[in-house]
Amino acid sequence: RVRLVESGGGSVQAGGSLRLSCTASEYTYGTRCMGWFRQVQGPAREGVARVWVDNSTTYADSVKDRFTVSRDSAKTTVYLQMNSLKPEDTGTYYCAAARWCTNWQSDSMNYWGQGTQVTVSA
């Protein structure tokens, strides 16, 4: 199976930046779309950003203009550059991969990373 390994979480003050990375063990049809969810309260994971194989991107309104998702040329690594962080961004961030970037819902993902904690202090 494909494995996703995340890194880059940490603690910052409001207004600071963090860069998350996620590397897939391989590129397959099941990882054509890669991106990020976050768990901020309760068990639900909300979509944050995603990138397709052609590098087109989609963002949640809450992070638009602050976060940037990108992908390396091999399509195995996805990044989430988080700028102007707010306390509301605090949570566990999960890398995910799917066959499609449409219908980007947590229960439609093929693979998940282990999660990385992001804490933003006021």
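Here, the structure is the one placed above.
Since the structure is predicted, the reported quantities are computational estimates derived from the model, not experimental observations.

Asks: Tell me about the overall build of the protein, and please be specific about residues and values.
Replies: Looking only at helices and strands, the protein has 0 helices and 11 strands in total. In the protein, the succession of α and β elements from N to C terminus is β-β-β-β-β-β-β-β-β-β-β. For the C-alpha atoms alone, the extent of the protein along its principal axes is close to 40 × 30 × 25 Å. Counting every position in the protein, which comprises 122 residues, the buried fraction comes to 42%. Across the protein, every contact between residues at least 6 apart in sequence was considered, and the portion connecting residues at least 24 apart equals 58%. Carbon and sulfur atoms make up 44% of the accessible area of the protein, which totals about 6100 Å². The average position of the 13 basic charges and that of the 10 acidic charges among the side chains of the protein differ by 5 Å.

Asks: Let's hear about the nonpolar core: which residues, and what values?
Replies: Nonpolar side chains in soluble globular proteins generally cluster together in the buried interior. One finds Trp36, Leu80, Met82 and Tyr93 to be the most contacted residues of the largest nonpolar core, which totals 25 residues. When residues of this core are traced back to their parent elements, those giving at least two are strand 3 (18–24), strand 4 (33–39), strand 5 (46–51), strand 7 (67–71), strand 8 (77–82), strand 9 (91–98) and strand 11 (116–121). Per-element tally for this core: the top contributor is strand 3, with 4 residues. Ranked by size, the runner-up nonpolar core spans 7 residues in total, among them Ala96, Ala98, Trp104 and Met109.

Asks: Report on the packing of aromatic side chains, specifying residues and quantitative values.
Replies: Applying the stated rule across the entire model yields 4 aromatic pairs. Here Tyr94 and Trp112 contribute two aromatic rings whose centre-to-centre distance is 6.2 Å and whose plane-to-plane angle is 90 degrees, an arrangement assigned as edge-to-face. Remark: Trp112 occurs in strand 10 (residues 111–112) and Tyr94 occurs in strand 9; sequence separation between them is 18 residues. Given a relative accessible area of 11%, Tyr94 falls into the buried group. On the accessibility criterion, Trp112 (27% relative accessible area) is partly exposed. When the ring centre of Tyr79 is taken as origin, the NZ or CZ atom of Arg19, which lies over that ring, is 4.0 Å away. The ring of Tyr94 carries Arg45 above its face, with NZ or CZ at 3.6 Å from the centroid.

Asks: Break down the pattern of salt bridges for me, citing the residues and quoting the values.
Replies: One pass over the full model with this rule turns up 4 salt bridges. For the salt bridge of Glu46 with Arg38, the shortest nitrogen-to-oxygen distance reads 2.7 Å. Here Asp61 ties to Lys64 by a salt bridge, and the two come within 3.1 Å at their closest N and O atoms. Taking the relative accessible area as the measure of exposure, Lys64 reaches 40% and is therefore partly exposed.

Asks: Account for the sheet that holds strand 3, with residues named and values stated.
Replies: The strand order 1-3-8-7 describes an open sheet built from 4 strands, whose pairing is antiparallel. In this open sheet, the two strands that pair with only one neighbour each are strand 1 (4–7) and strand 7. Each strand of the sheet is rotated relative to its neighbour by a mean of 15 degrees, with strand direction disregarded. Of the pairings in the sheet, the one linking strand 7 to strand 8 comprises 5 bridges and is antiparallel in character. In the strand pairing of strand 8, Val69 is matched with Leu80.

Cut-offs and rules
- All residue numbers refer to positions counted from 1 along the written sequence of the respective chain.
- pLDDT decides what is reported in this predicted model: residues at 70 or higher carry local features, side-chain atom pairs at 80 or more are listed and counted, and totals for whole chains, interfaces and linings draw on all residues regardless.
- Water and hydrogen atoms play no part in the side-chain values, which are based on all heavy atoms of the structure.
- Segments assigned H or I by DSSP are reported as helices when at least four residues long, segments assigned E as strands when at least two residues long, and all are numbered from the N terminus.
- Between buried and exposed lies partly exposed: a residue is buried under 20% and exposed over 50% of the maximum accessible area for its type, with that area taken using a 1.4 Å probe on protein chains only.
- The criterion used for residue contact is that any of the two residues' heavy atoms lie within 4.5 Å.
- All accessible areas in this document rest on Shrake-Rupley with a 1.4 Å probe, and a residue is counted as covered only by the protein chains that are shown.
- For this count, His and the chain ends are skipped, Lys and Arg are scored as positive, and Asp and Glu as negative.
- Each charge is placed at NZ for Lys, CZ for Arg, CG for Asp and CD for Glu.
- The set of buried Ala, Val, Leu, Ile, Met, Phe, Trp, Tyr and Cys residues whose side-chain atoms join them within 4.5 Å is what this entry labels a nonpolar core.
- Pairing of aromatic side chains here covers Phe, Tyr and the six-membered ring of Trp, requires ring centres within 6.5 Å, and sorts the geometry by plane angle: under 30 degrees stacked, over 60 edge-to-face, intermediate tilted.
- Charge over a ring is defined by NZ of Lys or CZ of Arg lying within 6 Å of the ring centre and within 35 degrees of the ring normal.
- By definition, a salt bridge exists where a carboxyl oxygen of Asp or Glu is found within 4 Å of a side-chain nitrogen of Lys or Arg.
- Here, strands pair whenever DSSP counts at least two bridges between them.
- With axes taken as lines fitted to C-alpha atoms, and helix axes fitted only over the stretch in contact, angles between N-to-C directions fall between 0 and 180 degrees.

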